[in-house]
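A closer look at the structure
Next come the chains, spelled out residue by residue.
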Amino acid sequence: MDTPAVESHRGDRNPSLIRISDFDFSYGDKQALFDINMDIAEHEVTAFIGPSGCGKSTLLRCINRMNDLIESARIDRGKVEVNGLDIYDERVDATELRKRIGMVFQKSNPFPKSIYENVIYGLRIQGINRKSELDETVERCLKGAALWEEVKDRLDTSGLSLSGGQQQRLCIARAMAVGPDVLLMDEPCSALDPVATAKIEELIHELKNDYTIVIVTHNMQQAARVSDRTAFFYMGNLIEMNATDQIFMSPDKEQTEAYISGRFG
């Protein structure tokens, strides 16, 4: 994954890290995505919005091949490239790919292990066991996830003992520990209260300095707060993608304006 990044066609944006081209995707006989074309810039937050069933989570899971785990899922045509690499090339190992493209799910899913072991789980799998390296990773990632000060004196307690918001930040720390380039977040705040949501949103702002972030959210106010660019999906189609301010203040497409204003969806 060290191929040079594909350059964006727009000089005012960061280089593109993810490029999706002419992408069609189906579950069995049901086509879920139609002719998706988009560039996602590195070190930006890109939000996917749209009504339930519009394809936004499906596309998110295509970016790290999570849909490979669904028997009926298939690509009909097109490419997903990350850093210039076609991630569906038969030579690409999906497990290795997911180390570079971390994922945080809608419901926090800490393992029934200590906070410490939750963070370094991926490193353990890779056979990394040197205590100094593991200790450094735990501190760095918990600080990066804005959780260190809250848990540094109880790293040996279960990750399941944390509050919902803390558990979600622990899952973010766990995703960070294996050194990804991209963090995918599928409705990361939907199960959290407003205080915990605000902490996650603040964290997302900080994390984009080190990661490229793609977030699926049903909360349009959240998309407006956290993202640099927003993509609006409807019935498996990408209707419009633009700078977030443009999408929310002056969208190009009437369908986008109708959804943003609450006239449908």
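A brief report on the enclosed structure follows. Predicted, not measured: the structure shown is a model, and the values here were computed from it. (Residues numbered from 1 in each chain as written. Predicted model: local features only at pLDDT ≥ 70, side-chain atom pairs only at ≥ 80, totals over all residues. Heavy atoms only, no water.)

A word on the overall build of the chain
As a reminder, the rule being used: What counts as a helix is a DSSP run of H or I of at least four residues, what counts as a strand is a run of E of at least two, and both are numbered from the N terminus. The globule rule is 2.2 Å times the number of residues to the power 0.38, and the radius of gyration it is compared with is taken over C-alpha atoms. We call a residue buried when its accessible area falls under 20% of the maximum for its residue type, exposed when it is over 50%, and partly exposed in between, using a 1.4 Å probe and counting protein chains only. Two residues form a contact once any of their heavy atoms are found within 4.5 Å. For the purpose of charge, His is not counted, nor are the chain termini; Lys and Arg are scored as positive and Asp and Glu as negative. Positions of charges follow a simple convention, taking NZ of Lys, CZ of Arg, CG of Asp or CD of Glu.
Within the chain, the secondary structure is distributed over 11 helices and 10 strands. The C-alpha radius of gyration computed for the chain amounts to 18 Å, which stays within 12% of the reference 18 Å derived for 265 residues, consistent with globular compactness. Counting across all 265 residues of the chain, residues that qualify as buried make up 51%. Looking at the chain alone, contacts between residues at least 24 apart form 67% of all its contacts between residues at least 6 apart. Where the 31 positive side-chain charges of the chain centre and where its 42 negative ones centre are 3 Å apart.

Some points on helix α7 (residues 164–177)
Here is the rule we go by: Helices are assigned an expected span. That span is 1.5 Å times one less than the residue count.
Helix length check: α7, at 14 residues, gives a terminal C-alpha distance of 20 Å against a target of 20 Å (1.5 Å per residue), a fit within 8%. When you tally the buried positions in α7, you get 13 out of 14 residues, the bulk of the element. G179, located one to two residues past α7, shows a positive phi value of around 75°.

Some words on the packing of α7 against helix α8 (residues 194–207)
What counts is decided by this rule: The angle between two axes is taken between their N-to-C directions and runs from 0 to 180 degrees, where each axis is a line fitted to C-alpha atoms and a helix contributes only its stretch in contact. Reported orientations rely on four angle classes, namely roughly parallel under 35 degrees, roughly antiparallel over 145, roughly perpendicular from 65 to 115, and oblique for the rest. Left-handed is the label given to a crossing in which the near helix is rotated counterclockwise from the far helix by less than a right angle, and right-handed is the label when the rotation is clockwise.
The interhelical angle for the contact between α7 and α8, taken along N-to-C directions, is 20°, at an axis separation of 9 Å. Here α7 lies roughly parallel to α8, going by the angle between them. Crossing of α7 against α8: the hand is right-handed. Residue-level inspection shows G165, Q168, R169, I172 and M176 of α7 in contact with α8, the latter providing A196, K199, I200, L203 and L207.

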